[in-house]
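Listed here are the chains, written in short residue letters.
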Amino acid sequence: MRKSLKAAGLTAACALAGTLVYGVGAAGAQGNAPHAGHEPQNIGLLTQQIDAYYGAEKQADGTWTASADSDYAKDLARVEKGAKADIRKAAQRYGHGHHGAKPAIVLDIDDTALLSFDYERRTNYVYNDATWNAYVDQANRPAVFGMPDLVDYARKQGVEVFFLTGLSEPQRAGAEKNLTKTGYDVPLDAKHLFLKNKTNPPSYLKNCATATSWTCTTVEYKAGTRKYIESRGYRLVGNFGDQQSDLTGGYADKGYKLPNPTYFVE
């Protein structure tokens, strides 16, 4: 379930956008529930602080962009620098099928590979299925700063790249188009790009998904898919996501939490 800024109160703004979580074992975004005598963060002030964190700029056409020299971009750069060092070491260890498995990384799409700040800002952080789906299908989101370069680096090290997203199967064409136009020069076929297919779910999710019923949580869906990727002879040396639910559940050596203070996915 996706919770917007207003619906979830952003729970003290995920420690307000600047507390960067690096690694799977770190705490999630839930925080502590407010109670009498402890007024929650004022949402008007909170949105101002999020604008400052992203270096928000409104363009002439009405779209909102993040600044490449913002604190958000700097936090991303720190995660990516550490991840590249880890990828290099993993490639040296597992390259060419050493230790019985080919090294690979897996990335979420929304606010991990492609930045959705424009949508969040223009909708005042209120999520709506219809407007979100239309926005995704436009395939105009920019890349998250530095992530195409990280993916290119991984590929040059001999590391396979997979995308695993909560987007639905009907949005495949838009996802492929947007990833390609923003510089992700990697295979994006059905064996490398995994979306939620609720009408014809894969057998490896049979414990929570059938053609008539999808009950998979984000963790069940993503961990189950990572398990499937590993069953194909890969070792997931890195798992990248902007939500803790992207990273929980195992089947990856390391998890990398990218900053995102604008919504929370359970």
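In what follows, the accompanying structure is described. Predicted model, so just to flag it, every value in this text is computed and none were measured. (Residues numbered from 1 in each chain as written. Predicted model: local features only at pLDDT ≥ 70, side-chain atom pairs only at ≥ 80, totals over all residues. Heavy atoms only, no water.)

## What about the nonpolar core?
- Ranked by internal contacts, the top residues of the largest apolar core, which has 47 residues, are Ile105, Phe163, Tyr184 and Phe240.
- The dominant element in this core, judged by the number of residues it contributes, is helix 4 (residues 71–94), at 8 residues. (Core = buried A, V, L, I, M, F, W, Y, C linked by side-chain atoms within 4.5 Å. Buried < 20%, exposed > 50% of the residue type's maximum accessible area, 1.4 Å probe, protein only. Helix = DSSP H or I, 4+ residues; strand = E, 2+ residues; numbered from the N terminus.)

## Notes on the sheet that holds strand 7 (residues 234–241)
- With parallel pairing, 5 strands are arranged side by side in an open sheet as 6-5-4-7-8. Unpaired on one side and paired on the other, strand 6 (193–196) and strand 8 (255–257) mark the two borders of the sheet. In this sheet, adjacent strand axes meet at a mean angle of 20 degrees when their direction is disregarded.
- Here 4 bridges tie strand 4 (residues 102–107) to strand 5 (residues 160–168), and the two strands are oriented parallel to one another. Directly across from Val106, in strand 5, lies its bridge partner Phe162.
- Sheet strands touched by helix 4: strand 4, strand 7 and strand 8. Its angle to strand 7, the strand with the most contacts, is close to 175 degrees. (Pairing = 2+ DSSP bridges. Axes fitted to C-alpha atoms, helices over the stretch in contact; angles between N-to-C directions. Contact = heavy atoms within 4.5 Å.)

## Re the environment of Phe264
- As for its placement among the helices and strands, Phe264 is situated in strand 9 (residues 264–265).
- We classify Phe264 as buried; its relative accessible area is 10%.

## A word on the packing of aromatic side chains
- Applying the stated criterion across every chain yields a total of 16 aromatic pairs.
- Ring centres of Phe162 and Tyr234 lie 5.0 Å apart, and the angle between their planes is 80 degrees; on these two criteria the pair is classed as edge-to-face. Taken together, the residues span a long stretch of sequence, with Phe162 in strand 5 and Tyr234 in strand 7 at a distance of 72 residues. The same class applies to Phe162 and to Tyr234, which are both buried. (Phe/Tyr/Trp six-rings, centres within 6.5 Å; stacked < 30°, edge-to-face > 60°.)

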